[in-house]
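So you can see what is in the structure, the chains are spelled out below.
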Amino acid sequence: MAVYTDVSDEDLRAFVAGYDLGDVLSFKGIAEGVENSNFFLQTTSGPFILTLYERRVREEDLPFFLGLMEHLSARGLNCPVPVRNRAGMALGRLAGRPAVIVTFLDGLAVKRPSAAHCRAVGAALARLHEAGRDFPIERANALSLPGWAPLFARAEAEADRVADGLAGRARRELAHLADAWPSGLPSGVIHADLFTDNVFFIGPELSGLIDFYFACTDAFAYDLAICLNAWCFEADCSFNLTKGTAMIGGYQSVRPLEPAEVASLPTLCRGSALRFMLTRLVDWLNVPPGALVRPKDPLEYDRKLAFHRRVETAREYGWMAR
Ligand SMILES: Nc1ncnc2c1ncn2[C@@H]1O[C@H](COP(=O)(O)OP(=O)(O)OP(=O)(O)O)[C@@H](O)[C@H]1O
Ligand SMILES: N[C@@H](CCO)C(=O)O
């Protein structure tokens, strides 16, 4: 359960009193997520989510995240929007942390995605990319190639304690990606963390996207690679080509990929797998004392990376520009 910061009833009531949301009916920590502290807040005006921003979120990035949710929502994408308080401010402070109340989104995350889910996610990702085109703020991706070596440095000494040979594999992968990483691909706003827990469905229909706190300006195809890794592998870490093809097909039904993007997908998948292996590894080795959080398994992404290393080209995956 991701609650790093406790909030007293007294502080919560004082905070909510600054909004036109009526009285607090109930308030409880949410048993999912690893990044921020999230609470389900029920007031006489309805359900909301209260988020307290923790460790990885820099306060200066919050105008990007909050503005982006408003921007995408205004362009028809179903995502949470920040609620403004009586002073017209979306960003507040609670229990010593930056805090925001956002609207509640109906729907449920899927645990075992089908090819149809993957297709819907591909299409939604492309709609997000299109809707973000005229968003005026830029934010560099702190977790792209230049960010991985410093991340690895924080875990290198202890990596082999987590799995035999892990440090060497990560070192070799970093060296490979430093040479092979593509540049000049079509870029714009990307979600950068569109995992299954961040996409809601109502029945078979995709109902909305949440958790924009890794969103940044980067290559669109890198976002697609993140989704391929997160959605199209089975529990045994075997790649499901039907799901991968469905996701790319869904994406291309909205925004056709350029040949250079298709050709880069294998490398982007390797980079994305390394990125999540490294952040998970650092988290695994550094759980804050007293935090209610279940760190995610870095070795899942070590295994996905091993798959991508074996498959070199888009043609070998069966991915062609179409
Ligand atoms: N706007 C919302 N509407 C409904 N439920 C939400 C909303 N925002 C968050 N949640 C719930 O809270 C959980 C955690 O939220 P979120 O994914 O933003 O947290 P996080 O700590 O940033 O997680 P992650 O590990 O995915 O980065 C979600 O899985 C979902 O159940
Ligand atoms: N989606 C990430 C956690 C949030 O950054 C992961 O599964 O490692």
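Residues numbered from 1 in each chain as written. Chains lettered and ligands numbered in written order. Predicted model: local features only at pLDDT ≥ 70, side-chain atom pairs only at ≥ 80, totals over all residues.

1. Remarks on the overall build of the protein chain
Applied cut-off: Labels follow the DSSP assignment, with helices taken as runs of H or I lasting at least four residues and strands as runs of E lasting at least two, numbered in each case from the N terminus. Exposure criterion: with C-beta atoms placed from backbone coordinates, a residue whose C-beta has 20 or more other C-beta atoms within 10 Å is buried, one with 12 or fewer is exposed, and one in between is partly exposed. C-beta atoms are placed from the backbone for every residue, and two residues are taken to be in contact when these atoms lie within 7 Å.
A count of helices and strands for the protein chain gives 10 helices and 9 strands. Here the C-alpha coordinates of the protein chain stretch approximately 60 × 45 × 35 Å along the principal axes. When the 322 residues of the protein chain are sorted by exposure, 38% land in the buried category. In the protein chain, the proportion of contacts linking residues at least 24 apart, taken out of those at least 6 apart, comes to 73%.

2. Let's talk about the confidence of the model for the protein chain
Stated formally: A score between 0 and 100, pLDDT records how confident the predictor is in each residue.
For the protein chain, per-residue confidence averages 94 on the pLDDT scale, and residues scoring 70 or more make up 97% of the total. The complex model carries a pTM of 0.94, and its ipTM stands at 0.93.

3. Here's the deal with the site of ligand 1
Test applied: Whether a residue is near a molecule or strand depends on its C-beta atom, generated from backbone atoms, being within 6 Å of that molecule or strand. Start and end positions for the domains come from either an automated domain assignment or a database one.
Taken together, the neighbourhood of ligand 1 is formed by 19 residues, with Gly-33, Glu-35, Pro-80, Leu-105 and Asp-211 sitting nearest. Residue assignment places the shell around ligand 1 across two domains, with domain 1 (9-103) and domain 2 (115-317) each supplying three or more.

4. Remarks on the site of ligand 2
For clarity, the threshold we go by: Think of it as three bins: nonpolar holds Ala, Val, Leu, Ile, Met, Phe, Trp, Tyr, Cys and Pro, charged holds Asp, Glu, Lys and Arg, and polar takes everything else, Gly as well.
Near ligand 2 you find Val-34, Glu-35, Asp-193, Phe-195, Phe-276, Thr-279, Arg-280 and Lys-296, and these make up its full shell. Split into classes, the residues belonging to the shell around ligand 2 amount to 3 nonpolar, 1 polar and 4 charged.

5. Things to note about the domain arrangement of the protein chain
Domain boundaries assigned for the protein chain yield domain 1 (9-103) and domain 2 (115-317). Between domain 1 and domain 2, the C-alpha centre-to-centre distance is 26 Å. Taken together, the contacts link 19 residues of domain 1 with 20 residues of domain 2. Looking at the side of domain 1 that touches domain 2 residue by residue, the classes come out as 11 nonpolar, 4 polar and 4 charged.

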